[in-house]
Number of protein chains: 2
Amino acid sequence: RSSLITGCYANRVGISGALVPSSKIGLDSEELTIAEVVKPLGYATACFGKWHLGHRRPFLPRQHGFDEYSGIPYSNDMWPGHPESPKAWPPLPWYENDEPSEIIKDLEGQEQITRRLTEKAVDFVHRNADGPFLLYLPHSMPHVPLGVGPRFRQTTRYGTYGDVIREIDASVGEIRAALEEEGVLDRTIFIFASDNGPWLSYGDHAGTTGGLREGKGTTFEGGIRVPLVVRYPGVVPAGSVCAEPCMTIDILPTLVELTGGKAPQKPIDGRSIVSLLRGEADASSPHEALFFWYRNVELQAMRMGRWKLHFPHNYRSLEGRAPGNNGIPAKYNYKMSVGLALYDLETDAAETTDCSDENPDVVARMKTLADRMRQKLGDTLTRTQGSEIRGPGRLPSG
Amino acid sequence: RSSLITGCYANRVGISGALVPSSKIGLDSEELTIAEVVKPLGYATACFGKWHLGHRRPFLPRQHGFDEYSGIPYSNDMWPGHPESPKAWPPLPWYENDEPSEIIKDLEGQEQITRRLTEKAVDFVHRNADGPFLLYLPHSMPHVPLGVGPRFRQTTRYGTYGDVIREIDASVGEIRAALEEEGVLDRTIFIFASDNGPWLSYGDHAGTTGGLREGKGTTFEGGIRVPLVVRYPGVVPAGSVCAEPCMTIDILPTLVELTGGKAPQKPIDGRSIVSLLRGEADASSPHEALFFWYRNVELQAMRMGRWKLHFPHNYRSLEGRAPGNNGIPAKYNYKMSVGLALYDLETDAAETTDCSDENPDVVARMKTLADRMRQKLGDTLTRTQGSEIRGPGRLPSG
């Protein structure tokens, strides 16, 4: 989330790993957000959904350029209804702007979230369609615990997870309809993306990678390769598909280019992907390499064009274990390990066959790029301190 | 249901097959019900749940000896939310006594049914515990569409079906607790039973037969062998298990014996199973044979002690087809057939091995009993008219 909001690798802005209700840090006020990029242009801005960039007052959306905020401040399973650690979590609040307005006390509350966010979004569109606006809608679903409104329950062949996805799909459809009704659909950049792959331990309450290796919580493709859909007539050719890699760090600089908004003063990692969006014949990724940290700044893997390099690290897997069911997860094996391994994603997206021996030059080049990046943003696997890490916002002490 | 209520094979009282919203028949007022057995003894009586013995006013529970009624008049999938034939059904009403009080218009309404019936039952117990009472609670769940209250969703490892069963289990627990609180638990006959085996086409929204052949809608054991649990201290030895066959037709005469209530004047099929309930050493089924009709009085099968005899008939099966999922059923193959086949349920409860050739005397005896029964209650497989069929109650014509 911090990557999408700031255009930076999360560790650059000091947020590495999911914040928990006891966290006292958050997104620093010095970081420029997607909302602050367009705010000076007169945009109305709103965030409806899961914020998760600090739920203490100084870190909430309204302190980061969003005029309006409604939603939950962190993950929806950080609550007393957690199937494995209910006592770890305080009651889950729902916020309106800067204040908690109510408690989501049971699954019935969870089941209303998608509808409520959709209504907020549609209302925002109708209220602001006569001027420019930016709407950031981070749905909390399909994160567990899965909650689906009665209108969508038992409407797909794919169980509760399928029903939840259908409700999200309908949400997108309603917002699209609102834009159309207001006559602004075709001059709106519509971006839809997911934040990580399926949470495999939840079995039927998670999605599928379609054959990619592993899932959420790993740097294998099953954990990080997700859909990105962009609609913007006149820029994105209808129906075009792009195979070049990009990341959520690229959203902010892309919006800067498309809107003519304010660019961040501080260094960011993302690059505009407008040429990719335009489908230009010779367009390629603006990045020589993309980097994947996990577990508090372990630089576990990186990608360079067709190549994916894993550095030796441990990861979690269900390997040989039955997945969970009906919202109750199975336990991962956290001791799986992968050594230095190069995969050719063009021919082996499932990351099955290490081809580092056959491609020493590729490995050498990637290692060089990785070293450079480690020096900047750190890596606990090699005990490297990053020189460019800016650190999160912190509550005043005392 | 007519069997349980009247102690008769359903076709004896003219109700063979599930009534639909357009049905104009119902349980005839001349039939004596379990409520009318005990009413003259001063019992307070109530039916909370799925009635399905005629939803026209002359056939409703209050016209059959029940002081109070709340619930749905027929199956909960006979509504516009039906996944396969939504247009076939009118809105599903909820009744309070003789009148529809509201419409169950969506799944959210279905999800409240179990809780509402439980509350009705608990309230009834508290209001009537100072005198004798009879409470008939035909839960409409776990019939599809499955509806489970938010308190029970995602609380089992077995999906929505598991959650629904857990809610029903909790319902029984709450009623038991109410009886205990009132100090009447140990002088209450507590009977819990199911009405048929799993609806296999609904896949994960049905239960399992645990290896029995076929399911609901057939006369194989998977369709008809169901749990029966009776608690009655002083009569039923705690923890005892009885392997003798009985049927819901036996409930009424058993209640007649236990309560000293009024016995029906007209012939019934059931027999008291009090000696079985007492766990008497030499007790055996009071029936030489039990008979299984399906598809409007096809006498498809019968049981005599350890023996089960099927008469040649067609049946439905998923044989070789994937079951449905998430409330959307698969289609049955209705053209499966079984010939004359004898199974030894003591060694072959799964009905896999026809042993009619080895047991000609058994087959002959059973055929004789079947012929006698056909003469009385009819059989469309052999085009036999039954002489003792009394017919249902009908609305006055014109």
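Presented here is an overview of the structure given in this document. (Residues numbered from 1 in each chain as written. Chains lettered and ligands numbered in written order. Predicted model: local features only at pLDDT ≥ 70, side-chain atom pairs only at ≥ 80, totals over all residues. Heavy atoms only, no water.)

A complete count under the given rule lists 54 salt bridges over all chains for this structure. Between Arg12(A) and Asp269(A) there is a salt bridge whose closest N-O contact spans 2.7 Å. Of this pair, Arg12(A) sits in the loop between helix 1 (2-6) and strand 1 (25-26) while Asp269(A) sits in the loop between helix 7 (251-259) and helix 8 (274-277), and the two are 257 residues apart along the sequence. The exposure classification of Arg12(A) matches that of Asp269(A), with both residues buried. A salt bridge links Arg153(B) to Glu111(A); its shortest N-O distance comes to 2.4 Å. Here Arg153(B), found in the loop between strand 6 (133-136) and helix 4 (159-181), pairs with Glu111(A), found in the loop between helix 3 (107-110) and helix 4 (113-128), and the two come from separate chains. Linked through salt bridges whose partners overlap, the residues forming this network are Arg57(A), Arg62(A), Asp98(A) and Glu99(A). (Salt bridge = Lys/Arg side-chain N within 4 Å of Asp/Glu carboxyl O. Helix = DSSP H or I, 4+ residues; strand = E, 2+ residues; numbered from the N terminus. Buried < 20%, exposed > 50% of the residue type's maximum accessible area, 1.4 Å probe, protein only.)

This next bit is on the packing of helix 3 (residues 107-128) of chain B against helix 4 of chain B. Residues and elements named next belong to chain B. Contact geometry for helix 3 and helix 4: axes closest at 9 Å, N-to-C directions at 10°. Classified by the interaxial angle, the pair formed by helix 3 and helix 4 is roughly parallel. Between helix 3 and helix 4, the contacting residues are Thr114, Arg115, Thr118, Ala121, Val122, Val125 and His126 on the first element and Glu167, Ile168, Ser171, Glu174, Ile175, Ala178, Leu179 and Glu181 on the second. When grouped by side-chain class, the residues that make up the contact of helix 3 with helix 4 number 7 nonpolar, 4 polar and 4 charged. (Axes fitted to C-alpha atoms, helices over the stretch in contact; angles between N-to-C directions. Parallel < 35°, antiparallel > 145°, perpendicular 65-115°, else oblique. Contact = heavy atoms within 4.5 Å. Nonpolar A, V, L, I, M, F, W, Y, C, P; charged D, E, K, R; others polar.)

What follows concerns the relation of the copies chain A and chain B. After a rotation of 180° and a shift along the axis of 0.0 Å, chain A superposes on chain B with an RMSD of 0.0 Å. In short, the pair behaves as if placed about a two-fold rotation axis. Most of the interface of chain A is mirrored in chain B: 100% of its interface residues are interface residues there too. (Least-squares fit on C-alpha atoms with pLDDT ≥ 70 in both.)

Residue and element names in this part refer to chain A. By the bridge criterion, 5 bridges tie strand 4 (residues 92-96) to strand 5 (residues 99-104) in an arrangement that is antiparallel. Within strand 5, the residue paired with Glu96 across the bridge is Glu99. Hairpin remark: strand 4 followed by strand 5, antiparallel, with 2 residues in the connecting loop; positive phi at Asn97, about 55°. (Pairing = 2+ DSSP bridges.)

A few words on the side chain of Lys308(B). Among the secondary structure elements, Lys308(B) is positioned in strand 11 (residues 307-310). Of note is the side chain of Lys308(B), whose polar atom sits 2.6 Å from the side chain of Glu221(B). (Polar contact = N/O pair within 3.5 Å; in protein donor to acceptor, adjacent residues only side chain to side chain.)

This paragraph deals with the environment of Lys87(B). All names here are of chain B. The residue Lys87 is located in the loop between strand 3 (68-71) and strand 4 (92-96) in this model. Residue class for Lys87 comes out exposed when judged on its relative accessible area of 85%. When the C-alpha positions of Lys87 and Leu340 are compared, they lie 39 Å apart, and in sequence the two are 253 residues distant.

Before going further, it helps to examine the pairing of strand 9 (residues 290-294) of chain A. Counting buried residues along strand 9 of chain A, 4 of its 5 residues qualify, which places the element largely inside the surrounding structure. Connecting strand 9 of chain A to the next strand, strand 10 (residues 298-304) of chain A, in antiparallel fashion are 3 residues, including Arg295(A) with a positive phi near 55°.

Residues and elements named next belong to chain A. Taken together, the 5 strands give an open sheet; going across it, the order is 5-4-3-2-6, and neighbouring strands pair in mixed fashion. Of all the strands in the sheet, the pair left with one neighbour each is strand 5 and strand 6 (133-136). Taken pair by pair, the neighbouring strands of this sheet meet at an average axis angle of 20°, ignoring direction. The sheet contacts of helix 4 involve strand 2 (44-48), strand 3 (68-71), strand 4, strand 5 and strand 6, and relative to strand 2 the element is tilted by about 175°.

Turning to the interface of chain A and chain B, a few remarks are in order. Contacts between the two partners involve 21 residues from chain A and, on the opposite side, 21 residues from chain B. Surface buried jointly by chain A and chain B totals about 1,700 Å² across both partners, of which 44% is contributed by carbon and sulfur atoms. On the chain A side of the interface with chain B, the three residues burying the most area are Gln154(A), Arg157(A) and Asn326(A), jointly 38% of the side's total. There are 12 residue pairs in polar contact (both at pLDDT 80 or more) connecting chain A and chain B. (Buried area = accessible area lost by both parts, 1.4 Å probe.)

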